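# Working through the structure, step by step
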Amino acid sequence: MGVPAVLAYNTGQIDLVDFLGGDAGCWPLYNQTISPWARASTKVSGLETDPDEAAAALSDIFRNQGRARRTALAGAKKMRAWGWTTAVRAITDAAFPLR
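Described in the following lines is the structure provided in the data block.

Quick notes on the rules
Residues numbered from 1 in each chain as written. Predicted model: local features only at pLDDT ≥ 70, side-chain atom pairs only at ≥ 80, totals over all residues. Heavy atoms only, no water. Helix = DSSP H or I, 4+ residues; strand = E, 2+ residues; numbered from the N terminus. Buried < 20%, exposed > 50% of the residue type's maximum accessible area, 1.4 Å probe, protein only. Contact = heavy atoms within 4.5 Å. Phe/Tyr/Trp six-rings, centres within 6.5 Å; stacked < 30°, edge-to-face > 60°. Lys NZ or Arg CZ within 6 Å of the ring centre and 35° of its normal. Salt bridge = Lys/Arg side-chain N within 4 Å of Asp/Glu carboxyl O. Axes fitted to C-alpha atoms, helices over the stretch in contact; angles between N-to-C directions. Parallel < 35°, antiparallel > 145°, perpendicular 65-115°, else oblique. Nonpolar A, V, L, I, M, F, W, Y, C, P; charged D, E, K, R; others polar.

## Description of the overall build of the protein
- Broken down by element type, the protein carries five helices and four strands.
- When the elements of the protein are put in sequence order from the N terminus, they spell out β-α-β-β-α-β-α-α-α.
- A total of 99 residues make up the protein; the buried ones form 25% of that total.
- Partitioning the intrachain contacts of the protein with sequence separation of at least 6 by distance along the chain shows that 43% fall at a separation of at least 24.

## Structural notes on the side chain of threonine 71
- Residue position: threonine 71 is located in helix α4 (residues 65–80).
- In contact with threonine 71, other than residues within four places in its own chain, are Asp23, Ala24, Gly25, Cys26 and Trp27.

## Topic: the packing of aromatic side chains
- Going through the model one piece at a time under the given rule, you end up with two aromatic pairs.
- Seen in terms of ring centroids, phenylalanine 19 and tryptophan 82 are 4.4 Å apart; in terms of plane orientation they differ by 55°. Their pairing is tilted. Of this pair, phenylalanine 19 sits in helix α1 (residues 14–20) while tryptophan 82 sits in the loop between α4 and α5 (84–95), placing them 63 residues apart in sequence.
- Residue classification places tryptophan 82 among the partly exposed positions, given a relative accessible area of 28%.
- Stacked on the ring of phenylalanine 19, the Lys or Arg lysine 78 has its end atom at 5.2 Å from the ring centre.

## Describing the environment of glycine 75
- By the element assignment, glycine 75 lies in helix α4.
- Judged by relative accessible area, which is 5%, glycine 75 ranks as buried.
- Each C-alpha atom of the pair glycine 75 and proline 4 lies 8.3 Å from the other, and the pair is 71 residues apart in sequence.
- When near neighbours in sequence (up to four residues on either side) are disregarded, glycine 75 contacts Leu20 and Gly25.

## A look at the environment of alanine 74
- Here alanine 74 shows up in helix α4.
- Along the backbone, alanine 74 and proline 4 are 70 residues apart, and their C-alpha atoms lie at a distance of 9.9 Å.

## Side note on the pattern of salt bridges
- One pass over the full model with this rule turns up one salt bridge.
- The closest approach of N and O atoms between aspartate 60 and arginine 67, which form a salt bridge, is 2.6 Å.

## Thoughts on the packing of helix α3 (residues 51–63) against α4
- Relative to each other, α3 and α4 sit at 105°, their axes nearing to 5 Å. Considering their axes alone, α3 and α4 lie roughly perpendicular with respect to each other. Along the contact surface, α3 presents Asp60, Ile61, Phe62 and Arg63, while α4 presents Gln65, Arg67 and Ala68.
- A class-by-class count of the residues in the contact of α3 with α4 yields three nonpolar, one polar and three charged.

So far we have only geometry, and geometry alone does not tell us how the molecule works.
Structure below.
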């Protein structure tokens, strides 16, 4: 079983969107802007998702339920393969590439 997932392509979810294959396993929200708090601070960083893009993703899920189900199932299938071992291996491979 899969649940349609709308994910912001920003800190904390970039790796998940990439792992799921972008729109092959979820509804990625790529339009990100620097948050007002990040602009006003030297200590805070962060991005905000475009509300119109989020609404469009939810509308797409509602209007295209067959595609939504297929995409959700594809994402769920990939997520079953994601675990601590896979995550640590990906981080280790990225941090310490073989030469």
